[in-house]
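Structural features, examined
Each chain, letter by letter, is given below.
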Amino acid sequence: MAGSALKRLMAEYKQLTLNSPEGIVAGPKSEENFFEWEAMISGPEDTSFEGGVFITELVFPPDYPLSPPKMRFISEMFHPNVYQDGRVCISILHTPGDDPLGYETAAERWSPVQSIEKILLSVVSMLAEPNDESGANVDASKMWRDNRQQFNEIAQTLVRKSLGIE
């Protein structure tokens, strides 16, 4: 299984190097291990995170693409859909099939037709438009809803930190 996962990861890496989405750079941390990747994501324009460059890590299971990778921010992040330890909580990274809680449809969750590029684009979209209904970080969700100015101030501090300014 790991052999087909490695082939798939190598193909996706080649595709990303040839045609990377704007504001995203991603690839294996080392040539010796294609199952651990690092990605740099630019904060989307006209959002709280505009101007930042945030480092993330993706760890792929041996049965990829049957199972999704795990993703987390290495850079400090305060966001409704990011746990305090940096883990990203979005539907596309949830295991395939029906949601036991009934919140997501199977179509919103991981499937083998997804790709690393789609994951990264989903995270960019998440930065722009948080889902505060399903908060991984309750404090960030509440602040996003109730005190957007304070949320934006924290986000701008994180942007400066991501650039090494603070």
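These figures come from a predicted structure and were not determined experimentally.

Next up on the list: the confidence of the model for the protein. The predicted model of the protein has a mean per-residue pLDDT of 92, with 98% of residues at 70 or higher. Ranking the elements of the protein by mean pLDDT puts helix α1 (residues 2–18) last with 92 and strand β3 (residues 53–59) first with 98.

In this sheet, β3 lies alongside strand β2 (residues 33–42) in antiparallel orientation, the contact comprising seven bridges. Within β3, the residue paired with Ala 39 across the bridge is Thr 56. Of the pairings in the sheet, the one linking β3 to strand β4 (residues 70–73) comprises four bridges and is antiparallel in character. Each bridged residue has a counterpart across the sheet, and for Leu 58 the counterpart in β4 is Met 71.

This part is about the environment of Arg 145. Secondary-structure assignment places Arg 145 in helix α3 (residues 138–146). The partly exposed category is assigned to Arg 145, whose relative accessible area is 47%.

Before going further, it helps to spend a moment on the layout of surface pockets. Approximately 440 Å³ is the volume found for the largest pocket. Taken together, 20 residues make up the lining of the largest pocket; nearest its centre are Cys 89, Ile 90, Ser 91, His 94 and Glu 104. Here the lining of the largest pocket is built from residues that sort into seven nonpolar, eight polar and five charged. In this model, the second largest pocket occupies a volume close to 240 Å³. Forming the boundary of the second largest pocket are Pro 68, Pro 69, Lys 70, Met 71, Tyr 83, Arg 87, Val 88, Cys 89, Leu 93, His 94 and Thr 95. Each residue belonging to the lining of the second largest pocket can be placed in one class, and the counts come to seven nonpolar, two polar and two charged.

This paragraph deals with the sheet that holds β3. Taken in spatial order, the four strands of this open sheet run β1-β2-β3-β4, and their pairing is antiparallel. For this open sheet the edge positions go to β1 (24–30) and β4, each flanked by a neighbour on one side alone. On average, each strand axis in the sheet is tilted by 25° relative to the strand beside it, whichever way the strands run.

This brings us to the nonpolar core. With 39 residues, the main nonpolar core has Trp 37, Met 71, Phe 73 and Leu 120 as its most contacted residues. In terms of residues, this core owes the most to one element, helix α2 (residues 116–128), which gives seven residues. What Leu 120 contacts, discounting residues up to four positions off in sequence, is Ile 24, Ala 26, Ala 39, Ile 41, Leu 58 and Met 71.

A few words on the packing of aromatic side chains. Taken as a whole and assessed by the stated rule, the structure comprises nine aromatic pairs. A centroid spacing of 5.6 Å and a plane angle of 65° characterise the contact between Trp 37 and Phe 60, whose relative ring orientation is edge-to-face. Of this pair, Trp 37 sits in strand β2 while Phe 60 sits in the loop between β3 and β4, and the two are 23 residues apart along the sequence. Look at Phe 78 and Phe 151: their rings are 5.9 Å apart centre to centre, the planes differ by 40°, and that puts the pair in the tilted class. Of the two residues, Phe 78 sits in the loop between β4 and α2 while Phe 151 sits in helix α4 (residues 148–162), which places them 73 residues apart along the sequence. Using a relative accessible area of 16% as the deciding quantity, one classes Phe 78 as buried. On the basis of relative accessible area, Phe 151 is assigned to the buried category, the value being 0%. Aromatic rings pair up to connect Tyr 13, Phe 34, Trp 37, Phe 60, Tyr 64 and Trp 110 into one cluster. One cation-aromatic arrangement involves Arg 87 over Tyr 83; the distance from NZ or CZ to the ring centre is 4.2 Å.

About the cut-offs
Residues numbered from 1 in each chain as written. Predicted model: local features only at pLDDT ≥ 70, side-chain atom pairs only at ≥ 80, totals over all residues. Heavy atoms only, no water. pLDDT = per-residue confidence, 0-100. Helix = DSSP H or I, 4+ residues; strand = E, 2+ residues; numbered from the N terminus. Pairing = 2+ DSSP bridges. Buried < 20%, exposed > 50% of the residue type's maximum accessible area, 1.4 Å probe, protein only. 1 Å grid on protein atoms, 1.4 Å probe; cavity = no way out; pocket = protein on both sides within 12 Å on 5 of 7 lines; lining within 4 Å. Points joined across faces, edges and corners; volume = space filled by probe spheres on them. Nonpolar A, V, L, I, M, F, W, Y, C, P; charged D, E, K, R; others polar. Axes fitted to C-alpha atoms, helices over the stretch in contact; angles between N-to-C directions. Core = buried A, V, L, I, M, F, W, Y, C linked by side-chain atoms within 4.5 Å. Contact = heavy atoms within 4.5 Å. Phe/Tyr/Trp six-rings, centres within 6.5 Å; stacked < 30°, edge-to-face > 60°. Lys NZ or Arg CZ within 6 Å of the ring centre and 35° of its normal.

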